[in-house]
Every structure is written in structure tokens, then in C-alpha cells.
Protein chains: 12
Amino acid sequence: MEIHVYHGPNLNCLERRDSSQYGTQGLEAIDSSLVELGEELNVEVVARQSNSESELVGWIQKQDKDGLVINPAGLTHTSVVLRDVLELAEYPVVEVHLSNIAAREQFRRQSLTAPACLGQISGLGLQSYELGLRAVVKHLRA
Amino acid sequence: MEIHVYHGPNLNCLERRDSSQYGTQGLEAIDSSLVELGEELNVEVVARQSNSESELVGWIQKQDKDGLVINPAGLTHTSVVLRDVLELAEYPVVEVHLSNIAAREQFRRQSLTAPACLGQISGLGLQSYELGLRAVVKHLRA
Amino acid sequence: MEIHVYHGPNLNCLERRDSSQYGTQGLEAIDSSLVELGEELNVEVVARQSNSESELVGWIQKQDKDGLVINPAGLTHTSVVLRDVLELAEYPVVEVHLSNIAAREQFRRQSLTAPACLGQISGLGLQSYELGLRAVVKHLRA
Amino acid sequence: MEIHVYHGPNLNCLERRDSSQYGTQGLEAIDSSLVELGEELNVEVVARQSNSESELVGWIQKQDKDGLVINPAGLTHTSVVLRDVLELAEYPVVEVHLSNIAAREQFRRQSLTAPACLGQISGLGLQSYELGLRAVVKHLRA
Amino acid sequence: MEIHVYHGPNLNCLERRDSSQYGTQGLEAIDSSLVELGEELNVEVVARQSNSESELVGWIQKQDKDGLVINPAGLTHTSVVLRDVLELAEYPVVEVHLSNIAAREQFRRQSLTAPACLGQISGLGLQSYELGLRAVVKHLRA
Amino acid sequence: MEIHVYHGPNLNCLERRDSSQYGTQGLEAIDSSLVELGEELNVEVVARQSNSESELVGWIQKQDKDGLVINPAGLTHTSVVLRDVLELAEYPVVEVHLSNIAAREQFRRQSLTAPACLGQISGLGLQSYELGLRAVVKHLRA
Amino acid sequence: MEIHVYHGPNLNCLERRDSSQYGTQGLEAIDSSLVELGEELNVEVVARQSNSESELVGWIQKQDKDGLVINPAGLTHTSVVLRDVLELAEYPVVEVHLSNIAAREQFRRQSLTAPACLGQISGLGLQSYELGLRAVVKHLRA
Amino acid sequence: MEIHVYHGPNLNCLERRDSSQYGTQGLEAIDSSLVELGEELNVEVVARQSNSESELVGWIQKQDKDGLVINPAGLTHTSVVLRDVLELAEYPVVEVHLSNIAAREQFRRQSLTAPACLGQISGLGLQSYELGLRAVVKHLRA
Amino acid sequence: MEIHVYHGPNLNCLERRDSSQYGTQGLEAIDSSLVELGEELNVEVVARQSNSESELVGWIQKQDKDGLVINPAGLTHTSVVLRDVLELAEYPVVEVHLSNIAAREQFRRQSLTAPACLGQISGLGLQSYELGLRAVVKHLRA
Amino acid sequence: MEIHVYHGPNLNCLERRDSSQYGTQGLEAIDSSLVELGEELNVEVVARQSNSESELVGWIQKQDKDGLVINPAGLTHTSVVLRDVLELAEYPVVEVHLSNIAAREQFRRQSLTAPACLGQISGLGLQSYELGLRAVVKHLRA
Amino acid sequence: MEIHVYHGPNLNCLERRDSSQYGTQGLEAIDSSLVELGEELNVEVVARQSNSESELVGWIQKQDKDGLVINPAGLTHTSVVLRDVLELAEYPVVEVHLSNIAAREQFRRQSLTAPACLGQISGLGLQSYELGLRAVVKHLRA
Amino acid sequence: MEIHVYHGPNLNCLERRDSSQYGTQGLEAIDSSLVELGEELNVEVVARQSNSESELVGWIQKQDKDGLVINPAGLTHTSVVLRDVLELAEYPVVEVHLSNIAAREQFRRQSLTAPACLGQISGLGLQSYELGLRAVVKHLRA
């Protein structure tokens, strides 16, 4: 079983973002944790980051995975294109956010993409990803 | 370590609610799963349900727990009182929802209570609770 | 056949409210009229009042009636909890209002609860209840 | 005593409209029921339908009736002209709707005309009319 | 002369709330100050706190006092029920807030309950209550 | 100790304004009451009125007082300039209103200036000023 | 020179409308005054009333006049059709209202039709028409 | 096969409307083009214009055609009545506009009627109609 | 009989403003026309201009006139202070505008001051003033 | 004559999208139909798809075509960049949509890009494209 | 060449305002810098401050300068009067702000006055003024 | 010292855009001016243009410059992604616009990106860039 994890724009610079919102770990640390958790759960984890909406769309269109954990970052609130591609995915998707988007600026409180996913996990830092991975795996095994 | 799980109004009738949104398990099944997961994680899980805002407020005010998983149900979108009491809690709280509130009626898409929590997990059915429990425990052990 | 009538918050003080909106009869007079009309229609009428959202929720959850006439009073405009419990009722419910809520303050013009009922009757004073009772009975007999 | 019943635009095609909203009876069946109920209540019932706002306005301006039951249909939400004429009526008027307008599209949830009526009854199908007739008659006899 | 002071939800935990908004005194200290000021003004002060909307409604419905100082706390912004009961009170009521609600989150800036009171005092900490007491007493003696 | 009281536009014509909102006393009567209360509280009270935003701004910028009670009248709802000058005041300011602004036209319900003050008192007529004076004095002595 | 005056829906029942808004004169009295003023101004005045949007549209489309005074009544706030026909008129048009529409319900404060006219006169009762007539005549003679 | 074309209010004066929005051809020229195109497509084209909402409603209710091309003109943005009658049509309908309504005043950008049609064509002048006719015919032949 | 005419901010530079909105005449020409019309109507006309809200307020507060024609210019849309002073005027006031404010930018379409006047005349250039003068005089003589 | 057809994001997966909205044909079938229709109309059709806003911008900036049919898909509602580039195109552009965007989610009902095009065709499936092609060709030949 | 610099309300107290928004320099330091830069650019700089809208209007109406740099301060967001006078200025005007108004409270993000200027410079402290001066001078010399 | 200048989407076609908004110079002319000004200020200027959000993000993430002048063009109003990357830049950034965005369509008046910059300069054509460059350099040297 292969689960993909896609990090949206600017998450490649995680360690330079506001640590009160995003924590102190870098993206590599997150990816290692997820690969490790994947081994524990007996699934292969493939993680990628892109700053490009169209590259993310291309990845999501592909049938090369059993499930997806996605952090659409700044695209969460503005991209109908991402919502459209998530709606045509035939595998389970969980949306995750490091920060608690309900407690931030007004324009970050609504998610255009979440309605096209199974569910959403936010505010738990690295854990948001880990729980997202667990959710996708459990959903596939149910 | 003792973690409480509070279910808000109408969750005592879970098996009679719209199963396309809430799944088919009843509240007892959810509570057993959580107790079981608690044993696996080596924490005691205490679960309660109330239809009363004031009773929930009374429970949350008490210092008798190390962490809280809460599904405020219909109060999520309307209760400043619940937000206020969550803001004065000195233990970690994670908000959970069985259904994907981002994909439902307009008035269910905004949460008044989530900004007073660590984070929010929605749309994953029973799993929302399980992941919420994991999140609280991991947060306490970090 | 047993039909329940639930009066929401502050309706126990009906005779002290603005008579241009609520008329001059007290709650007891309303209840007697309904019992009398019940006899005429050959149904048993049970009327109760509560100021507590959670008590109302508890009553509505019970399967102890064939139909319900409810005046949610001030909760009409603010309670998602009441809407949720009305959505899971398996018996017919009609919402009634003594005053013409369409002709009052802006915040009273929209009803959160009516979409979960069969229909709504407003502005006809005591008659709103009587017609609500007739509607529920006729619906059950159809 | 003579009570008029005015059906607004498109109600002459009732049997072709969405039956989940409007039921399956045609306008003639509604009118017969009302005449019959009128006999029972000892009042004469005169029913008419028009697709024309100005024709409805002309009818309402006339003093040739003791009371009115009106279903303004699509004009409910858009016609200040209809509200104005209802405000100058010197006989009691009750607004009725076959469907539960509180549970339909956003633009159908607000009524421009209801504030100029005694009250509003919606969502009860044919019964909305019958109860409207009862309400007008009882109001006149009180 | 007997004046009641009702504290709304979560004010029993005052000393645990954000002191930059609510000051550092506890509820008991506020109540003692008010009793003391009552003696100075020659009135009896009775103070109570409740987390329950319906309990507050029950207290307010009673005719057992000459005037009321109320801090509706989180219910200020959401409770039509509380507004309704304040509208039927036959004694003078002044609404008070410890914090300056005009300077806080958007949802705390509008009060549903204040229009049903004589007036509102906010932002002056313990003094908001003391001035509220003075206002009610002076109003009764005028 | 010297406390200033500034009355905003049109308050010099108080006795000609709507007495159901503003009471029947004139501005001079208010000022005498405040001077008298000042004597009781052992502070000097200096009261002035201006119809000019810029004159008010000039007065507020001056450091010639220990505290301020201000009724910005019609400027309350529209003047960012007044808010700015209140924000740079280094002495305590309390905003007062004769009428209950929460219960008037929509455009009077929001105050642009209150967030720059210690607090706000409204709806208590002459008493709003008296309590404002007490609040400023007590704040200075605390 | 021939000036037309068109009265919109319900103005034929003027003497039955709320006299605090519409004054006490009937439509005939208005028309006589206008004919008389027309004689004084040396123009022929032709006045008509219709409850029908389409009839008004038909009249306005005709080139049979030198100028127009129109009171669109309830259509003022809702009719794009009327705005469109006014935009294609090749003669001067002035919109008039008996009542001060700026001081009435929210939905009467905006005029869809006024932007297609030379100008608007409101709140002056019969005078609104007389001044409208003067304005059209003076505009034609300038 | 018979296709009807209905032109809404004011389109009978097309050559007098703003030619930058509506082009320079008159309604007769449009109708001839459509009849001619009908011959090419082997269908009979019947074109009519009305300024009256109710007349349009009457035409649409009739089952005397196989398909409809409609330009509701100013009624597009305001008529729930027209939407309702289009919803009960059992033949295919395409909405057309001469001008590009998306590029005009705010109130012309939303169409109440389009959701009840197969689709909408706007901004292409006479071509909007021709393409609408093609669309209806092709839909019927598919 | 003495009628005042007050011109608000920037009207002293009338001849430099956009002539498509404001015409080509200067303020002096307007004032001469009004004095001349005053003679014809047998009233004394006193005209003044001010750029200062507080100066206008001072003028309006004075009882030195029998009626007022006012063009509040840019203050029309923003000044609660001006509305307040117009509300306490005991003589008739008519608001006038040179341009058709309904046809300009969104922020110019609503008038805060008109609800405190007898009525409003806009869009007729110099004539707006002349008709305003006639309206005030006729109102005084009625 | 060469006409380009640009398909926006996710249209390369057309056959996997919701067939009730998008029909059952794939993108290749659409392109073949268009090429075929092009032959009939005697123009060369070049069709391309991209998931990338910037790639689409690059294509549109090029002067290598005589006209354009574009389906901006999810970018329709969110891309000012696309609107800007369409505004600088010197060839005719028609916007097309497979689904009836007026009948879908609220956020799909407004088009940012249509005002920069000649016109818009929506809701007609494959036909939307064919009619768009006809429109561009006819516009060029006129 | 003579360039004026007008500072709006409260800028005379600059050194007492929030230094995180406004920097630490006083108004005199700003004026000296500008005079100095003026010398470098070979223009005379005349700087003035006023707390009065009408005084600012008077200054702007005068033709005694070749260009203007203006910081309308709190009037930026509320004054149609200032916008009107800037629209009739026949010399170039640049609006400047010390703080980054796009990053402050919601009500400071929109400028009513900027559309009447050449452009706007904000957020650069003293530099906003210096660059504004350069912009005006360069514009005049171009 | 090296300052970068990034031009957003469609600025490579500057000379084809609406010259009343964007002036007549091309992008090369702007870049030459900036390089020249850089020499005068003794800094190296590197200018680039991209139509791609993700390419801009990549450039901004790089630490290869001392400061940045950016014109985000159409992305200004829609891109949370761009705002996020600007927030993590550790060098000073100034946002510039050729046109006066405050005076254009409603959707261009709000900037999502400006709050993440030092400040914003708009409406001054080529000068917006030159002044932006000066601002960045001066900020770095202060």
C-alpha cells in the first residue's frame, strides 16, 4: 500500500516561517516521521513538495497511489482548480494544516478544498500529518 | 493520565441521525473504541454526553483531567459560552466532528469554539475521535 | 393518538409579554383550548413548557408521542441544537409562532428550526397553535 | 360571509411542478376542498388564479370580500407592489405556501409580502390553504 | 430595597480568565464590594452566578427584586431567549461587562441583550458593576 | 485633581432633542450636577461643549487634565480622527451616551471611538455622565 | 407642448394608503392640480394610472409626449424592465415620490429607476408632482 | 419540429437602445435571420415579443412547441415567477442575451432564470440567438 | 418670511467641478436666481456657503429663519452630526443636490441626512435649488 | 484562418469528472468534433489543454491565431491574471463552459474572466464549444 | 516651483502616537527633511498641519502651489468632502501614509481619497513623504 | 548591494495594455531606468518578469538579494501563496503598481500581499518602481 503526502507552496521553507504558527521542525523532519510511521503501519510513504498549483494538480490526477495526505497551504483558501482535481480523485484524501486555521486571519478560516476531501485535521503541528496518515490508512483497511 | 471525552447535544441519539453524515455506529461503540485505544496508549479514558450547554461548561471548568477531546455538536457554531470556557481550560483540548463540516450547510462551516482549542479534526467518523485522543496524549507526552 | 405541544423559553410568562405581539391570553388558556380541540379531533393533547434548551431536546428525543406542535420561541433563531434534534424526530412536527415573525426585528425573520419541520404557521395568535394541531393530526391520518 | 382565495403565478400548472415540493393534487382539487370546507364553516369560498401581478393587485384592491387567503407564489419574494396593496386591504389576509419555503433556495426564504398579512402558513401542502381559510374565518368571527 | 446581581456563564472562574481583559479580582471580591456599596447606598444586594441560560431566565422572570445588574457574559452576543426575558422584566436592568467589549473580537462587539436594558456599562472592571448598582438605585429613587 | 467633560456636537441644544431618547434636562443642568458631584468626590470638574471635531481634537491633545469623560455624540460612529486622538491620550477616558445606543438605528450601534477608551456607559441619561465621572476618578485613585 | 404624468401601482387607491406617508388627497385631486398648473405653465398635462408594469412600459415606449413625470411606486425598487424603458426614452423624465423614501423601510431607500431619469423628487406630497412638472417644462424650454 | 423564440420586455424597441450594448439591428432583422436559419436547420421558427411577465408565463406554460430560445431581458435578474415557469417546462430552453451581461452593472450579472434552463449564451449580439436556436435543435436531435 | 439656503463643502468652487455632473453656472449665479425667485414668491432669501461641518451645524441650530434649503454636498453621505442637527430643526428643510446622486458612485447613493428632512430633490442642476425653495415656501403657506 | 481552443485545468480528466455536470465524452472527442466543425467552416482548429495558469497566459499572449475559444475551468472564478491577459488580446475570444455554471455552487456563478471576452456560452456540453467556435468565426467574417 | 505638504489631524502629536506604526521622529523633523530635500530638488517646500477638515479644504482649494503631498490621516477613510476637493485640484497630488495602512484595522484599509490623487505611498515612514515629494516634482517636470 | 525587481504576470506585454492605466513605456524601458537609477544609488539592480506564481515564489524564497521591489500584478488581489512567501522574506520588500489601484474596479482595491511588505506605492507609473527602489535602498542604509 502506497500513501502519498503532498506539501503545498512555501512548505519547503517551513523552518523560516512563523514558529508560533508552524512549530520549529523542518519539512525533512516531518517527512522522516511520516516514513517511520508508515513503516509502523506497514505502508510505503512518498512525500513531495511543490510551489506550483499545476504541478500539484498533475500529481493528484495520477492513479499512482492508494491514498493521499495533502497540505494545500496558501492554495486552501483560493484554488477552485485544486478543489476540482480533488473531487475527481478516486482514492481517499485527508487535508491537513500545521496551524489552527480557525484561529488565524479571516481569509484563512474558510477552506475551498476541504469539501472535496474525506476530512480535515488542523492545528496539531507535525501531528496533523501523522493523524492524517493514520486516517487514510484506516479508511483503506476498513 | 486521564483523558476526558465529551459528546455534545444529540450525540446520545447518534444511531438515529443521518447515517450518510454520521456513520452507523452508536455512541457506546465509539466510547468502547476509545477506552480500548486508551488502554493501548496507556491512558484512562472517561466519556460523557450531555445535551446541556451549562452541564458541559461545568465539566470543562473542572481540573479533574489531563486533556480533553470534545465534539460540541450543534453548539460548535453558536456558543460563545463554550468558547469562553475552553479558553480558560489549562489542559490541552482537541475539537472533533464525525461529519466533514466544511461540506455541509453554510451555518455549519464556521466554528466558534475551534479557535480556543489546540486544533480540529473533522469528517473522519469514529476516527475523528480516535485521532483526537492520540493528539491529546502525544501533546501531553511531548 | 397522542400529540405533544412544547412551548419554548419565556412562554410561561406570556401574559406579561407585549400584548400587541402576543395577544392577551395566558399559556393555560392556550393549553385548555388545545386540549378541547384535541377532544374534538379525538386525540390526546399533552402540553409542556420549558426555559431550557436541553430539557426541550430531551423531550423531543423521546418516542412517546405521535406528533408535535412546537413554539421554539427565542431559540428559533439561534439554536442549531434544536434543529439537529428536530431533524432526527421520526414523527411529524409543525413549528408555530404567536406573532408574525416576518414583521418583527431583522434577527427574528429567519428560522433555523423551520427547515427541520413539516411547515410553519405564524402570526395568528392562539390560532397558530390550533392550526398546527390540526395540521399534525391531518398529516397523521392521511 | 365571503372569503376569496387567490393563487399566484404558475399555480394553474400545479400538477406539472416538482411533486416533492408541491404534492400531487391539482389546483381544481385544492379549490374543491376549500369550497367544501367553506360549506362546513358556513362561508362562501371564491377561488381564482392569475399569472399577472397587476390582475392580482386589481382583485385585492376590491372591497368585494370579507377576508382573503393568498398564495403569492413567485411574487412572494420580489413584489413590493403586492406588499403595498396588501397593506391597504381593510379585510384580514393570511399568506399560504404549499412548500416549506424556509427549507428551499436562499431567495425563497424571505417573504416581502408576509409583513403585510396577519400571518403565514407554509409547508403543509393542501392543508396550508385549509388552515389559512380556518384562520381567516375564525379571525372574522372573533 | 433589594437589588439582584446576576453573573452569567464562566464568571465563577473569573480568576482563571485572561487578566488583561478581566482584571485580577475573583467573583467573591466583586460580590463583597457590591454588598459593601449596597450598605453605603442603603440597599440590600443579592448576588448569584449561573452557567445555565435557563436558570438565569428563571431568576429574571421572578418578581423578587426591585432592580437588576446583569453581566450576561458569553450569552450577551447570542441569546434571543435572554433578550426576551429582559424585555418582560418590570424592574430596571443595567447590563455590565468587565472588559471593553467594543475593543475585542468582532463577535463580541454587538449585544443582543442591551436593547432590552436601561443601559450598558463596559470596560471598567469591578467598577462596571459598582456603577451599574448605582445606576439602578438612582433610577429607582428618581 | 482636574477632570474634563467634553460634550460633542448638538449637545448644546439638548433640550430641543427627542426627549424620549435624551431626557428633559438641558446641558447646564448636567454640568451643574457634575460640578456638584465633583465637589463631593473632591475633584475639579471642567465642562465644555463643541460642535467642531477639530476643536474637540485640540482639547483632547492638551495635557491639562487628569482624566476625561466624553460624549462624542454623532461623531461616535463616523470619526477615525477622534479615535486617533483618544488613542494618544495619556490620561483615562470614559465614553458616555445619554441614550441607549444599542437600541437605536443600525448606524448608531457601533462605536468607532469606544475601543480607544477605558470603557463605555450608555442609556442612563444624566447618570451616564455621573457614573463616567466616578469611573475616571476611581481609576485615577486606584 | 404635452407632458404626461404616469402613476404606478396602487396609486389609484391613494386615499386608502397610510396618510402619514401619502397625505390625504386622492389621485383625482393630484391630477386636477397638475392640469391647473399645466395651464399656468402653458402646457397640456395628460395623467394616467396603471397597476401593470407592462402597460407602463408600453406608454413610456411611445413617442407621443414631450416630457414625463413618473411615480413608479412599488416598481421603483424592483423593476429592471422599467429602468430599461426609461433609459431608451428620448424625452426628459423626472421621478417623483409622495413620501420621503429615504426615511422608510430599507428596501424602499434604493431606486433602480432614478439613474435612468434626469432627477428625483421625494417626500413633498402633491408638491413632488408639481415640482416634477415644473422641472420637466423648464428643462424643455432651456 | 417547431421552435419558439420569445423576446422579453423592451426588445420591441431594440433599435432605440444603446447600440454599444445591443448592436444596430432591429427585432425584425433578428427574427428574419432566425426564420432563415430555421429553414436551413429544417425547423419552423415562431418568434414573439412581449413586455408582460404574465404573457410570457402564459406562452411558456403552453405545450405548443418542441423547444424554446428565450431572452428574458430585464426580467432575467428579478423574476422568480419566470424561473418557476421555466422549471416546469418539459421542452429544452436556452437563455440568450445580446449584450455581455457579465460586463455590465452589478445587478445584471446574476441571472435568476438561467439555472432553470439548459444553458446560457450572452454577449454575441444576433449570434446569441442563432447559436441558441442551434443548441435547442441539436439537443432535440441528440 | 425669510428662507435660508446653505451650500455645503466645495460648492464655493462650483465652476471648477465636473460640469457633466454640476452644470456650468457658479454659486453666485445660483444665489442670484434664488433671490430673484424669492422676490417672485415674496420671501427673503439668504444664501451662505461653508466648508465646515461645525459652522453649518451652528447656522442650522439658530432659530433665525422660517425654512431651509440645504445642499450638504459631501457631508450628505457621512455626517451623523448633520443628521442630528436637522432632526432638531423646528422649521421645514428640503435637501437638494445638483447632480443625480442615484446615478453616481455607490457611496453617494445613500443619504444620511435626507431622513431628517421633509424631502429631497436631486439631479436637476440649478432647478433643484429653485424647486426646493418653492417646496419650503408652499409648505409654510399650507 | 486559425482558431485556437484552450482547455483549462482538469479538463484533461474530463471522463473522470461528474458526468451529470460534464457529460460523458472525453477531451479527445471534443477536439475531434471541433476540428471536424472547423473543416466544415473552413478554418483550422488547434486545441490544447493546460493545468497551468502561466502556460495559458503564455499561449494567450501570443499573436499566433485569429480567434480563441477558451474554457478557463476552475480559473474562471479566481484568476485576475487570466482576466488581464484576455483584456490585452487583440483577437476575439469567447468563453465556454460544459456545465451550466449559473446552476452550481455559489462560488461558480460569477466569472472574473467573462467581462474580458466577447461573450459566454455555458451549460450546453460539447455544444458550448461548437457554438463558441461558430461565434468566433462569424465574428471574424463580419 | 512651490510644493505644499499638508499633514492631517493628530499628526501634530506624532511623537506621542504608537511608534511601532508611526516611527519615532516628530513632525518638525519630517518637515526639515522635506525642506532639505526640496532644496536638493530645487523646489520650495511649504508644510502645514491642521486638525480641521474645513481648514484643509480651504488650503487645497487655493491655487497657490504647483503640487501637493498630503497625508489625510484619519480623514482618509471617512471624508467624501476631502475627496471632492481633491478631485477639483488642478495640480498633481500624491497621498502618503507613515504606516502601512493595508496591514492595520479593517476600517483603515480602504481610502476614499486616493482615487482622487495621482497615486498613494504608504508604510515607509518619513520616506513616504520624501518619495511623495519626488513623485510630484518629477510629474511636474515631465 | 543587490536589489531585485520582480514583475508579475502580463507585465511582459506592458506596451499592449490599456495605456490610460499603464502608461506607454515598455518593460525594457522600465528596467533600463531602474538599472540607471541603481548606478546613481550605487546598487546593482536585477530585474525579471514571470507569468508564473510558482516561479515568483521560487525567486522570493532565495536569499540572493538584499532587497526587493515587486509588482505582483494580477496576483496582488488573489494570492495567499504570494503573501505567505513575502512574510518569510528576511529582506525588505516594497510593493509597487503602475496604476492607481484605489481608482479601479472593486476587486483591484484590496491587496492581499501589501500587509506582508514594508509598504506600497501605486499610481505613479514608472515612478512607482523608481521610488520603490529608493525606498528599499534607504531602508537598508538606515
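To start, this report covers the structure provided alongside it. The structure displayed is predicted, hence computed values, not measured ones. (Residues numbered from 1 in each chain as written. Chains lettered and ligands numbered in written order. Predicted model: local features only at pLDDT ≥ 70, side-chain atom pairs only at ≥ 80, totals over all residues. Heavy atoms only, no water.)

### Regarding the overall build of chain A
Applicable threshold: Where helices and strands are cited, they refer to DSSP runs of H or I of at least four residues and of E of at least two residues respectively, numbered from the N terminus. Using C-alpha atoms as the atom set, the radius of gyration is obtained and then compared with a globule rule of 2.2 Å times the number of residues to the power 0.38. Any pair of residues with heavy atoms lying within 4.5 Å of one another is described as a contacting pair. Charged residues are defined narrowly, with Lys and Arg counted positive, Asp and Glu counted negative, and His plus the chain ends left uncounted. Positions of charges follow a simple convention, taking NZ of Lys, CZ of Arg, CG of Asp or CD of Glu.
If you tally the helices and strands in chain A, you get five helices and five strands. Reading chain A from its N end, one meets helices and strands in the order β-α-α-β-α-β-α-β-β-α. Its C-alpha radius of gyration of 14 Å places chain A within 12% of the 14 Å reference for a compact globule of 142 residues. Contacts in chain A between residues far apart in sequence, at least 24 positions, make up 77% of those at least 6 positions apart. Charged side chains of chain A number 12 positive and 19 negative; the gap between the two group centres comes to 5 Å.

### A word on the interface of chain K and chain L
Note the cut-off: Buried area: the sum, over both parts, of the accessible surface (1.4 Å probe) that disappears when the two are put together. Salt bridges are defined by distance alone: a side-chain nitrogen of Lys or Arg within 4 Å of a carboxyl oxygen of Asp or Glu. Polar contacts, as counted here, are pairs of nitrogen or oxygen atoms within 3.5 Å of one another; within protein the pair requires one atom able to donate a hydrogen and one able to accept it, and residues that are adjacent in sequence qualify only if both atoms are side-chain atoms.
The interface of chain K with chain L comprises 24 residues on the first partner and 24 residues on the second. Of the roughly 1900 Å² buried between chain K and chain L, counting both surfaces, carbon and sulfur atoms make up 48%. We note a salt bridge from L:Lys138 to K:Glu130, for which the minimum N-O separation is 2.7 Å. Between the two partners, chain K and chain L, sit 10 residue pairs in polar contact (both at pLDDT 80 or more). Of all the elements in the fold, those that place two or more residues in the side of chain K that touches chain L are strand S5 (119-122) and helix H5 (126-141) of chain K. Among the elements that line the side of chain K that touches chain L, the one with the most residues is H5(K), at seven residues.

### A word on the relation of the copies chain B and chain A
Note the following rule: The copies are overlaid by a least-squares fit using only the C-alpha atoms of residues whose pLDDT is at least 70 in both copies.
Between the two copies, chain B and chain A, the superposition gives an RMSD of 0.0 Å; the rotation angle is 180° and the shift along the axis is 0.0 Å. Considering both components of the superposition, the chain copies are consistent with a two-fold axis. When each C-alpha of chain B is compared by its distance to the rotation axis, B:Ile121 comes out closest, at 2.2 Å. Taken as a fraction of all interface residues of chain B, those also at the interface in chain A reach 100%, which identifies the copy contact as same-surface.

### A closer look at the pairing of strand S5 (residues 119-122) of chain L
Rules: Remark: exposure states derive from per-residue accessible area (1.4 Å probe, protein chains only) relative to the maximum for the residue type, with buried under 20%, exposed over 50%, and partly exposed in between. DSSP-based pairing: two strands are paired if at least 2 bridges between them are found.
Residues of S5(L) alternate between two faces, with L:Gly119 and L:Ile121 on one and L:Gln120 and L:Ser122 on the opposite face, all of them buried. As defined by bridge partners, S5(K) adjoins S5(L) across three bridges and the pair is classed as antiparallel. Residue pairing for S5(L): K:Gln120 is matched across the bridge by L:Ser122.

### Some points on the sheet that holds strand S1 (residues 2-7) of chain I
Note the threshold: To obtain an axis, a line is fitted to C-alpha atoms, over the contacting stretch when the element is a helix, and the angle between two such axes runs from 0 to 180 degrees between their N-to-C directions.
Strand order in this open sheet of 10 strands is S2(G)-S1(G)-S3(G)-S4(G)-S5(G)-S5(I)-S4(I)-S3(I)-S1(I)-S2(I), and the pairing throughout is mixed. Each end of this open sheet is capped by a strand with a single partner; those strands are strand S2 (44-49) of chain G together with strand S2 (44-49) of chain I. Within the sheet, the average angular offset between the axes of one strand and its neighbour, ignoring direction, is 20°. Those strands touched by helix H2 (residues 27-41) of chain G are strand S1 (2-7) and S2 of chain G, and its axis lies near 160° from that of S2(G).

### With respect to the relation of the copies chain K and chain L
Overlay of chain K on chain L (RMSD 0.0 Å): rotation 180°, translation along the axis 0.0 Å. Residue by residue, 100% of the interface of chain K is reproduced at the interface of chain L, so both copies engage with the same surface.

### Side note on the sheet that holds strand S4 (residues 93-97) of chain B
Read from one edge to the other, the open sheet built from 10 strands follows the order S2(A)-S1(A)-S3(A)-S4(A)-S5(A)-S5(B)-S4(B)-S3(B)-S1(B)-S2(B), with strand pairing classed as mixed. Looking at strand neighbours, the two that pair on one side only are strand S2 (44-49) of chain A together with strand S2 (44-49) of chain B, the edges of this open sheet. Looking at each pair of strands side by side, their axes are set apart by 20° on average, direction ignored. Taken together, the five bridges between strand S1 (residues 2-7) of chain B and strand S3 (residues 67-71) of chain B define a ladder with parallel strand orientation. Pairing of B:His4 across the sheet is with B:Leu68, part of S3(B).

### Quick look at the pairing of strand S1 (residues 2-7) of chain L
Residues and elements named next belong to chain L. Within S1, five of the six residues are buried, which leaves the element mostly enclosed by the surrounding structure. The sheet contact formed by S1 and strand S2 (residues 44-49) spans six bridges and is parallel. Paired with Tyr6 across the strands is Arg48, a residue of S2.

### Description of the interface of chain B and chain A
Contact with chain B, which involves 24 residues of that partner, is made by 24 residues of chain A. For the pairing of chain B and chain A, the buried interface totals around 1900 Å² over both sides, and the portion due to carbon and sulfur atoms is 48%. Our count for the contact surface shared by chain B and chain A stands at two salt bridges. For the pair chain B and chain A, the interface holds 10 residue pairs in polar contact (both at pLDDT 80 or more).

### Topic: the packing of helix H3 (residues 53-61) of chain B against helix H4 (residues 80-87) of chain B
Residues and elements named next belong to chain B. Selection criterion: Oblique is the label for any angle not under 35 degrees, not over 145, and not in the 65 to 115 range, which are roughly parallel, roughly antiparallel and roughly perpendicular in turn. For this scheme, ten residues count as nonpolar: Ala, Val, Leu, Ile, Met, Phe, Trp, Tyr, Cys and Pro. Four count as charged, namely Asp, Glu, Lys and Arg, and the remainder, Gly too, count as polar.
Look at H3 against H4: their axes get within 9 Å of each other, and the N-to-C directions meet at 5°. By the angle between their axes, H3 is roughly parallel relative to H4. On H4, the residues touching Glu53, Leu56, Val57, Ile60 and Gln61 of H3 are Val81, Leu82, Val85 and Leu86. Partitioning the contact of H3 with H4 into residue classes produces seven nonpolar, one polar and one charged.

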